[in-house]
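# Fold and contact review
Spelled out, the chains give:
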Amino acid sequence: MNKINTEKKENIFYIISVFFILTVDSSFYFVNSTSGTTRILINLMAAFFLFLSSKRKFIFKTDFIFILLVVIIIPLISGIIIQNAKQTTIICIAILIGGLVSQTIGLDEFEKYYNRIILFLSVYSLVILIIYILFPNLIRLLPIIEKDTPFNNFNCIFAIVADDPYVLRNYGYFWEPGAFSVFLSIALYIELYKQKTRIIYLIIYSITILTTLSTLGITCMILLYMTYIVANNRIANKKIRSLLLIFLGCFAIYLLIDGERIIFHVLGKLIYRTNNKLNSSTAVRLNAIIYPVQAFLKSPFVGIGYNNFLRLQDDKCSGMATFTHINWLCIYGVFGGLSLIIGCIRFFCIKKANILVNFALFIFSILLFSTENFVQITLTYILVFYGLLKE
């Protein structure tokens, strides 16, 4: 009995530690209320406690040391040359945390905890969203998180409600709905391809992604489902394929009957123009590809460094260079950026899957980080290490 209670306490401690590592540098509250240095130090502390409580022996294997050096040495050298101590420190600590987590928790165990955390945040955010729709004044009694927006952002502890009269979107716990959709998409991928698939998890993740009204999230969700449907029987079975087809069919019918609002907010940024100009959101996404790529081509081997990237982002990308993989190449060049990109892509590849499935997952891994800047987010470096250390 004592052994069972001890294991439960250890699991709770693990989940709390992983929760902090995954969310502190991504949550709406911490992003808008604390500095990047504070967030990364909280993450480092959580990773340290995770390491101390782990039963898994931490062994400095040759392959891990080599990968750690490859991943961290170029950002470190770049920071020294460009003299950007703060940003370099944040990224190097994020890389170290990624390596520490990959050696402290096995991949299967990490995926299990990750999905538990995202399931909790999904259910919590949906409940808060329903309360806001039915009883908005209850939510408006909660504290407001200060942000430079024309509407209020209410702190619901593990969720945020943006009291935007224009559109209601699900932020979840994160800095914006698109970021929430990235975390949800990773959870959906794990549930479909890596764990024993549970229908209720799929339904909750899918509904939550739809409530974010994120073009990227919905696109990635459809890509994952379509790939799953056509996958061979080692990955998909007839029962689940049938349920997914029914779900997609119902969603298509809903769009035909009463989907104007969703179509406008999800696809409007792609199809609507004002005075013959692109939607501002689309223009930002395109600029986030064009200008960083141009900068990378001018300095393909060593990159432009983080200071110059920040200036480029402010001057050319409206302060939002949102394509993470391109940002890595732009900042650190082909040698530093490519190792990070390869690790991130390898995380989503499946050894036993056929070429078609892995090609679709390759596209998914590129799309996933194409509209949000995750360069300073610890999660990306956890994925990088798990990917690079895979067989």
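Everything numeric here is computed off the predicted structure, so don't read it as measured data. (Residues numbered from 1 in each chain as written. Predicted model: local features only at pLDDT ≥ 70, side-chain atom pairs only at ≥ 80, totals over all residues. Heavy atoms only, no water.)

## Points about the nonpolar core
- Membership of the largest hydrophobic core comes to 100 residues, with the highest contact counts inside it found for Phe-110, Tyr-114, Ile-186 and Tyr-189.
- Here the element with the most residues in this core is helix H8 (residues 177-193); it accounts for 12 residues.
- The next biggest cluster of nonpolar side chains, apart from the first, holds seven residues, and it includes Ile-128, Tyr-132, Ile-139 and Cys-156. (Core = buried A, V, L, I, M, F, W, Y, C linked by side-chain atoms within 4.5 Å. Buried < 20%, exposed > 50% of the residue type's maximum accessible area, 1.4 Å probe, protein only. Helix = DSSP H or I, 4+ residues; strand = E, 2+ residues; numbered from the N terminus.)

## Examining the confidence of the model for the protein chain
- Residues with a pLDDT of 70 or more make up 82% of the protein chain, whose mean pLDDT is 82.
- For the protein chain, strand S3 (residues 273-274) is the element with the lowest average pLDDT, namely 52, and helix H17 (residues 378-388) is the one with the highest, namely 93.
- When the criterion is pLDDT under 50, residues 1-7 qualifies, and its contacts beyond four places in sequence or with other chains add up to zero contacts. (pLDDT = per-residue confidence, 0-100. Contact = heavy atoms within 4.5 Å.)

## Remarks on empty space enclosed by the protein
- In the structure shown here, the tally under the stated rule is one cavity of 30 Å³ or more.
- In this structure, the largest cavity spans a volume of roughly 40 Å³.
- In terms of lining residues, the largest cavity is bounded by Pro-75, Ser-78, Gly-79, Ile-82, Asn-84, Gln-87, Thr-88, Tyr-306 and Tyr-332.
- Going through the elements one at a time, helix H4 (62-82) and helix H5 (85-104) are the ones with two or more residues in the lining of the largest cavity.
- If you tally residues by element for the lining of the largest cavity, the top one is H4, at four residues.
- The residue inventory of the lining of the largest cavity, partitioned by class, reads four nonpolar, five polar and no charged. (1 Å grid on protein atoms, 1.4 Å probe; cavity = no way out; pocket = protein on both sides within 12 Å on 5 of 7 lines; lining within 4 Å. Points joined across faces, edges and corners; volume = space filled by probe spheres on them. Nonpolar A, V, L, I, M, F, W, Y, C, P; charged D, E, K, R; others polar.)

## Looking at the pattern of salt bridges
- Using the criterion set out here, one finds two salt bridges in the structure.
- When the shortest N-O distance is used, the salt bridge between Arg-140 and Asp-163 registers 3.1 Å. Here Arg-140 is found in the loop between helix H7 (136-139) and strand S1 (153-155), whereas its partner Asp-163 is found in the loop between strand S2 (160-162) and H8, with 23 residues between them in sequence.
- Residue classification places Arg-140 among the partly exposed positions, given a relative accessible area of 37%. (Salt bridge = Lys/Arg side-chain N within 4 Å of Asp/Glu carboxyl O.)

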